[in-house]
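This is what each chain is made of:
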Amino acid sequence: MSSYDVIIIGSGPGGYVCAIRCAQLGLKTAVVEGRETLGGTCLNIGCIPSKALLHASHMRHEAEHNFAAMGLKGKTQSVDWKQMMSYKNETIAANTKGIEFLFKKNKIDWLKGWGSIPEAGKVKVGEDVHDAKNIIIASGSEVSSLNGVEIDEKTVVSSTGALELAKIPKKMIVIGAGVIGLELGSVYKRLGAAVTVIEYLDAITPGMDAEVQKAFKKLLTKQGLEFIMGAAVQGVEAKNNKATVSYKLRKDDSEHTLDADTVLVSTGRRPFTDGLGLAALGVEMSQRGQIKTDAHYKTNIDGIYALGDCIDGPMLAHKAEDEGMACAEGLAGQKPHVNYGVIPGVIYTHPEVANVGKTEEQLKEDGHDYKVGKFSFMGNGRAKANFAGDGFVKILADKATDRILGAHIIGPMAGDLIHEICVAMEFGAASEDLARTCHAHPTYSEAVREAALACGDGAIHA
Ligand code: FAD
């Protein structure tokens, strides 16, 4: 039984970043985590393992498709799935152990076990009750399946099961064309599976700029992914290591079935707050099960805060991290601010897709007068040399002031390139500011500059 300035429940990117910041600011801090390892969804069953498999499968794709053209000849790679899983697991371990090291370095206590809040100011872990001046809930999210679809994590899997399949399936069906479904669908396609994506809507990756959605779907189709759009899944039946998905096409109500060895259900995630005792405490929740907070992450109960996937906003690791830092700084008496208008979103397929700020559709809906600067990676020397000419950079800027309102990139390293535009937006920059900034040659970043030039007098290499 100890007494703390802050106890954080959950060690995902929201919780662990918050803990480190609290400790750096002199607050006595503990983190409750029920999992065997620190790092939450992101490090254990999310961002990190999925990126390891995306990297490995992309390397295979490069070896198969581009090595010979560069004069790199010889034995084609074969996939040792067990070794690929070990590589993924070692990547997870290196990262989760890294957080343990950071906790020790910053003198943060890890209270091992599942926590609950019997009353404000107290956190119960097992039989122990600890005192805390402030409690921060960073309990994250869990998979949300479809009605009537039972996930067994063997044949019908969530993203968690998809990251540790016993073998590479011959046929895979992905239900839901969102970020997670397309990333993991790409992995198994590159490893040799026939992958069909079934999506309820008429476009993939809902909420993304429509021009990028179209280009992205075209590129994924070129890579061999198949799409069934406008299809409402009715059910999934699993038997003898096979599954049958039944669906209805929304355009004519016709009913169809499709078989596969593995079905990945990637239809979203929902906040996870089970077992915390929030109802008894009277913590206000939204209809979607999110904990309601004010702008300083405080719930309606004094001394209890919440952040990350379990509150409103995009379910992204870096959003949770920013909230973690801001919440800690607020508790230490600072005046932090998270700019929710400049939170990038990235899809780590190949090519990558990244966006920040407004889409063209949103600007039209807002009646905002805007201009578009676009540049294709085909005009970028580095991309051409690296077989990475697919895609483009699109910058949206205010027509009168030239201030950047949004950016959408599909192309090589899009997830890294987007940050130049994020920084520009944070500083309220005009597209001309980007266009007049010298960019090293030959880099993919030159495509960003060219798109900014295209907002003005014109790109050079278009
Ligand atoms: P979480 O990371 O979910 O952590 C919450 C932790 O709290 C968990 O470890 C849980 O065990 C613990 N916990 C909960 N309740 C209790 C309790 N009562 N007692 C003790 N411990 C408790 N986001 C990105 O930004 N980029 C990506 O590339 C990306 N890829 C993803 C890929 C996949 C397959 C998935 C599933 C998600 C991905 N995400 C990605 C989303 C990202 O993982 C989440 O947005 C992020 O982890 C949220 O952080 P968090 O701290 O809010 O919660």
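Each value, and the rule that gives it
- Residues numbered from 1 in each chain as written.
- Predicted model: local features only at pLDDT ≥ 70, side-chain atom pairs only at ≥ 80, totals over all residues.
- Helix = DSSP H or I, 4+ residues; strand = E, 2+ residues; numbered from the N terminus.
- Rg over C-alpha atoms; globule rule 2.2 N^0.38 Å.
- Buried ≥ 20, exposed ≤ 12 C-beta atoms within 10 Å, placed from the backbone.
- Expected span 1.5 Å × (residues − 1).
- Contact = placed C-beta atoms within 7 Å.
- Near = placed C-beta within 6 Å.
- Nonpolar A, V, L, I, M, F, W, Y, C, P; charged D, E, K, R; others polar.
- Domains from an automatic or database assignment.
- Pairing = 2+ DSSP bridges.

## Some remarks on the overall build of the protein chain
Stage number 1. Counting its regular elements, the protein chain contains 14 helices and 22 strands.
Stage number 2. Relative to its length of 462 residues, the protein chain is compact, with a C-alpha radius of gyration of 23 Å against a globular reference of 23 Å.
Stage number 3. Once the C-alpha set of the protein chain is aligned to its principal axes, its extents read approximately 65 × 60 × 50 Å.
Stage number 4. Here the protein chain, with 462 residues, has 45% of them falling under the buried criterion.

## Focus on helix α7 (residues 210-222)
Stage number 1. Relative to the 18 Å expected for 13 residues at 1.5 Å per residue, α7 spans 18 Å between its end C-alpha atoms, a close match to the ideal helical length.
Stage number 2. Considered for burial, the residues of α7 that qualify are V212, Q213, A215, F216, K217 and L220.
Stage number 3. Looking at the buried positions of α7, the neighbouring elements they touch are α6 (179-190), β11 (226-228), β19 (352-357) and β22 (404-411).
Stage number 4. Phi for G224, located one or two positions after α7, is positive at around 105°.

## Quick notes on the site of the ligand
Stage number 1. What surrounds the ligand is a group of 36 residues, the closest being G10, G12, G40, G140 and G308.
Stage number 2. Of all the secondary-structure elements, those providing two or more residues to the shell around the ligand are α1 (13-24), β2 (29-33), α2 (40-45), α3 (47-65) and α9 (317-331).
Stage number 3. Of the residues contributing to the shell around the ligand, the split by class is 15 nonpolar, 18 polar and three charged.

## Overview of the domain arrangement of the protein chain
Stage number 1. Domains assigned within the protein chain are domain 1 (4-143 + 270-332), domain 2 (156-267) and domain 3 (345-455).
Stage number 2. Of note, the centres of domain 1 and domain 2, computed from C-alpha atoms alone, are 27 Å apart.
Stage number 3. Listed per partner, the contact involves 13 residues of domain 1 and 13 residues of domain 2.
Stage number 4. Of all the elements in the fold, those that place two or more residues in the side of domain 1 that touches domain 2 are α3 and α4 (81-105).
Stage number 5. Of the residues assigned to the side of domain 1 that touches domain 2, the class counts are eight nonpolar, four polar and one charged.

## Comments concerning the environment of W110
Stage number 1. By the secondary structure assignment, W110 is in strand β3 (residues 109-112).
Stage number 2. We classify W110 as partly exposed; it has 17 C-beta atoms within 10 Å.
Stage number 3. W110 sits 103 residues away from I7 along the chain, and the two C-alpha atoms are 9.8 Å apart.
Stage number 4. Look past the residues within four positions of W110 in its chain and what remains in contact with it is V31, E33, L38 and F103.

## Digging into the pairing of strand β5 (residues 122-125)
Stage number 1. Strand direction decides the pairing type here: strand β4 (residues 115-119) and β5, joined by three bridges, are antiparallel. Within β5, the residue paired with E119 across the bridge is K122.
Stage number 2. Between β4 and the antiparallel strand that follows it, β5, lie two residues; G121 among them carries a positive phi value of about 90°.
Stage number 3. Here β5 runs beside strand β6 (residues 128-137); their pairing, made up of four bridges, is antiparallel. In the strand pairing of β6, V125 is matched with D128.
Stage number 4. A loop of two residues connects β5 with β6, the two strands running antiparallel in sequence, and G126 in this loop sits at a positive phi of about 60°.

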